[in-house]
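# A structural walkthrough
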Amino acid sequence: ISGSWLRYLPGVISKKHYHRISIFLAISIVIFSVTVIISEYMFQTKTGTRPGMWIIIGGFKDPSSLFKAEISSNKADFMRVLLGILSVTFLAFIICLLQVTQERKHKLLPKKISSEYKYYRVKQNLLSLPIIFFLLVYLYRMNSCMPIFHSATAVFLSTFLSPPMSEIEYPRKKIEHPVNKGKYWPNVVVAMHESLSGEFMLTHESSLKKTPFFTKKMLKSDGEDSFYVFEHARTVSGDTTDCLTAIQSGCLPLDHKKHGGKEIALSTSLATEFKRRGFDTVSFTSRILSLRGTKWFMIEKQLSENFDEVFHPGNTKEPLANPPGIDDRTLKKYFSKWLKNRIASGNRRPFYAQFYYWNAHYPFLNDTTRNNETTSRVEGMINTVDKSIENIFEVLNETNQLNQTMVVGSGDHGEVFENNDDKYLRTVWWGKNDILRIPIYMYLPRNLLLN
């Protein structure tokens with residue numbers, strides 16, 4: 001196909017380079033097509049849904065993280081997929097070579113093509129384009145499964161379109177620190193755990209054994225040590241964009257034309273509100289901040305805008321451990337350094353510190369140091385979640401800030417672990433406890449209640 005188009009484009013492709021360019025173009029089309037088909041199949045297998053336009057763009061923006069994630073999850077399956085792509089590509093290359101050999105043997109590529117014939121062929125090809133295009137659009141609108149056309153359309157449209165509501169900006173003007181007028185404000189720490197299932201963490205025996213800090217210090221304390229766990233909490237959906245936005249704004253990002261639900265939900269954040277009240281703000285996130293122009297654009301805003309400082313893999317240069325995220329436990333050293341520097345400078349303002357943890361997200365960070373004690377990646381992951389929670393309290397205690405700080409932590413939604421750890425059908429199985437049940441915990445020192 002690529003050869004038939006290239007051959008009759010007058011003045012564009014010379015006879016000398018025709019075969020090389022046509023083979024290169026054919027191989028590129030094959031690699032793109034096969035990769036898209038396999039990617040869509042894997043996405044549907046794991047989620048039960050088809051990827052939307054802005055999900056596809058997210059994949060194209062950071063393909064290396066997706067490949068690393070699949071390798072981490074199941075290296076054998078990934079190698080089989082890679083072998084399939086290479087096999088089909090090699091087959092396409094052989095077909096191209098046979099075609100070139102036939103053309104040279106039978107001299108199908110004439111030394112000189114009349115301008116009239118060139119014009120005829122170009123006109124014929126151009127006339128066929130609208131017919132092919134409208135046929136594809138018709139099939140696409142009939143909900144036919146067309147992953148290649150779907151992906152190509154998404155890439156094309158993203159060049160001049162933006163995700164819906166992405167033009168909404170948080171207030172960017174400088175927010176001066178107001179005078180507290182003697183009123184006592186505690187420090188606040190909020191930890192958001194991506195994809196952390198409350199059903200698994202709170203009820204599974206294997207999880208309770210591998211989360212000693214959370215289980216003994218929080219879950220079984222009954223508030224005696226200022227720790228509280230809300231065991232029956234539920235989230236708002238199985239979609240991160242809904243869940244984190246609800247945590248950040250108290251609103252769902254629903255598109256109500258009359259009341260402007262999305263405008264309200266996406267026009268503020270916890271950092272914005274705390275900063276207005278005189279708090280210093282800092283963000284620690286395990287995930288790379290590369291979400292602008294994708295479905296998850298609002299999450300990047302919620303993790304970065306109106307913070308005095310932001311620590312993420314892009315500027316800390318920490319190696320990815322659970323692509324596209326680092327090990328949650330490594331954030332401890334950045335929190336400790338930031339807090340100690342702040343105290344050393346004599347800063348007496350209250351602070352708002354926000355953590356966004358990624359270890360519980362697919363493919364789940366397996367704690368390799370405890371492999372002999374675990375039977376799955378999920379069980380290996382839950383121990384790292386427990387340690388990341390404990391790290392917050394260790395730093396606060398080391399810096400004598402524990403009794404002046406309120407800590408709140410929550411999962412955004414859960415995952416499905418019933419049948420297969422490799423499947424996370426949370427976008428379609430909202431009735432499952434795994435999806436909507438989340439752990440919410442709180443530390444509220446008694447002296448803060450008295451004050």
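Residues numbered from 1 in each chain as written. Predicted model: local features only at pLDDT ≥ 70, side-chain atom pairs only at ≥ 80, totals over all residues. Heavy atoms only, no water.

What follows covers the overall build of the protein chain. Looking only at helices and strands, the protein chain features 19 helices and seven strands. Going through the 451 residues of the protein chain one by one, you find that 48% of them count as buried. Surface accessibility of the protein chain: about 23,900 Å² in total, with carbon and sulfur atoms responsible for 60%. (Helix = DSSP H or I, 4+ residues; strand = E, 2+ residues; numbered from the N terminus. Buried < 20%, exposed > 50% of the residue type's maximum accessible area, 1.4 Å probe, protein only. Areas by Shrake-Rupley, 256 points an atom, 1.4 Å probe, with all protein chains shown as cover.)

Here we take up the pairing of strand β7 (residues 440–443). In terms of strand pairing, strand β2 (residues 227–230) meets β7 through four bridges, oriented antiparallel. Counterpart to F230 in the pairing with β7 is I440. Pairing geometry for strand β6 (residues 405–411) and β7, over four bridges, is antiparallel. If you follow G409 over to β7, its bridge partner there is Y441. (Pairing = 2+ DSSP bridges.)

Bringing the environment of F284 into the picture now. In this fold, F284 is placed in strand β3 (residues 280–285). Its relative accessible area of 0% is what places F284 among the buried residues. Taking C-alpha positions, F284 is 7.6 Å from F335, a pair spaced 51 residues apart along the chain. With residues up to four places along the chain from it excluded, the contact list for F284 reads F311, L331, Y334, F335, W338, A353, Q354, F355 and Y356. (Contact = heavy atoms within 4.5 Å.)

Orientation of helix α11 (residues 240–249) relative to helix α14 (residues 297–304), taken along the N-to-C sense of each, is 30 degrees, at an axis distance of 9 Å. With respect to α14, the element α11 is oriented roughly parallel. Both α11 and α14 take part in a crossing whose hand is left-handed. Residue-level contacts link T240, T241, L244, T245 and Q248 of α11 to M298, I299 and Q302 of α14. (Axes fitted to C-alpha atoms, helices over the stretch in contact; angles between N-to-C directions. Parallel < 35°, antiparallel > 145°, perpendicular 65-115°, else oblique. Left-handed = near helix turned anticlockwise from the far one by under 90°.)

Here the focus is the pattern of salt bridges. Counted under the stated rule, the structure contains 14 salt bridges. The shortest N-O distance in the salt bridge between R276 and E273 comes to 2.9 Å. Placement of the pair is R276 and E273 together in helix α13 (residues 270–276), with a separation of three residues, close to one helical turn. Residues E394 and K332 are paired through a salt bridge, measuring 2.6 Å at the closest nitrogen-oxygen approach. Residue E394 is found in helix α17 (residues 377–398), and its partner K332 is found in helix α16 (residues 331–344); the two are separated by 62 residues along the sequence. The partly exposed category is assigned to E394, whose relative accessible area is 23%. Overall, K332 belongs to the partly exposed group, its relative accessible area being 25%. (Salt bridge = Lys/Arg side-chain N within 4 Å of Asp/Glu carboxyl O.)

In the contact formed by helix α10 (residues 212–219) and α17, the axes pass within 8 Å of each other and the chain directions differ by 55 degrees. As far as their axial angle goes, α17 and α10 are oblique. Facing P212, F213, F214 and M218 of α10, the residues of α17 in contact are D386, I389, E390 and F393. For the contact of α10 with α17, the per-class residue count stands at six nonpolar, no polar and two charged. (Nonpolar A, V, L, I, M, F, W, Y, C, P; charged D, E, K, R; others polar.)

This brings us to the nonpolar core. Where a protein is soluble and globular, its nonpolar side chains tend to be buried together. Of all hydrophobic cores here, the largest spans 41 residues; its most connected members are F214, M218, F284, F335, F355, I389 and F393. For this core, the element with the most residues is α17, which contributes nine residues. Among the nonpolar cores identified, the runner-up in size contains 19 residues, and M192, L291, L303 and F307 belong to it. (Core = buried A, V, L, I, M, F, W, Y, C linked by side-chain atoms within 4.5 Å.)

At the junction of P323 and P324, the peptide bond is cis and its omega measures out at 0 degrees in the coordinates. Locating P324 in the fold gives a position in the loop between α15 (313–316) and α16. At the junction of Y362 and P363, the peptide bond is cis and its omega measures out at 10 degrees in the coordinates. Take P363: it is sitting in the loop between β5 (351–357) and α17. Even without being a glycine, K317 presents a positive backbone phi close to 65 degrees.

The next subject is helix α3 (residues 53–61). Burial within α3 is extensive, with seven of its nine residues counted as buried. All of the buried residues in α3 are M53, W54, I55, I56, I57, G58 and G59.

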